[in-house]
Amino acid sequence: MTYTMHYDSPLGKILLAADEEGMNGVWFEAQKYFAAKLPPEHEEGTMPVLGDTCRWLDVYFSGREPDFTPKLHLIGSDFRQAVWALLLQIPYGQTTTYGALAKRLAEINGGKRVSAQAVGGAVGHNPVSIIVPCHRVVGSDGSLTGYAGGIDKKIRLLTLENAETANLYR
């Protein structure tokens, strides 16, 4: 069974979803692909991982780096899973590019070429935003390209993580 609850963030309402295996959804209300993988049979409720996620978000939105990650249950293809695993490796307050992720994925896959556009598609379909930090991925020239929650939220998340980068995105 999947349980959902709402979290009121400084950037707007967030829908959280989890099953017995872990978090499988963190979506800003009205974002692109909102609740795309949410099973039709779900109910509002609570479970420990949802409480852990609320605590993680409280720490994060207070401007500090959380020192734990709620248990995740990411649902997607092997390719998307691999991209999301790389997103989890991007350090707090830092960014990387779609091209760098594609290059890293190619290295992991024995040199088989991976397109930055394919990586971008997987990044854009990340079902657990913020915790799986897709907002830390930028264009090859440092531009803020795409974010399912909206570029305004991407700017605010990057600013929250690193005040020094705030001026770059205003």
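Scroll up to find the structure.
What counts and how
- Residues numbered from 1 in each chain as written.
- Predicted model: local features only at pLDDT ≥ 70, side-chain atom pairs only at ≥ 80, totals over all residues.
- Heavy atoms only, no water.
- Helix = DSSP H or I, 4+ residues; strand = E, 2+ residues; numbered from the N terminus.
- Buried < 20%, exposed > 50% of the residue type's maximum accessible area, 1.4 Å probe, protein only.
- Pairing = 2+ DSSP bridges.

Enquirer: So what exactly am I meant to see when it comes to unusual backbone geometry here?
Expert: For residues that are not glycine, phi is negative in most cases, and the peptide bond is trans in most cases. Its identity as a non-glycine residue notwithstanding, Ala30 has a phi of 70 degrees, on the positive side. Structurally, Ala30 can be placed in the loop between β3 (22-28) and β4 (42-44). Overall, the relative accessible area of 71% leaves Ala30 in the exposed class.

Enquirer: Help me understand the pairing of strand β2 (residues 12-19), please; the structure alone is not making it clear to me.
Expert: In summary, the side chains of a regular strand alternate between the two faces of the sheet. Burial within β2 is extensive, with six of its eight residues counted as buried. With seven bridges joining them, strand β1 (residues 2-9) and β2 adopt antiparallel strand pairing. Looking across to β2, one finds that Tyr7 is bridged to Ile14. Here six bridges tie β2 to β3, and the two strands are oriented antiparallel to one another.

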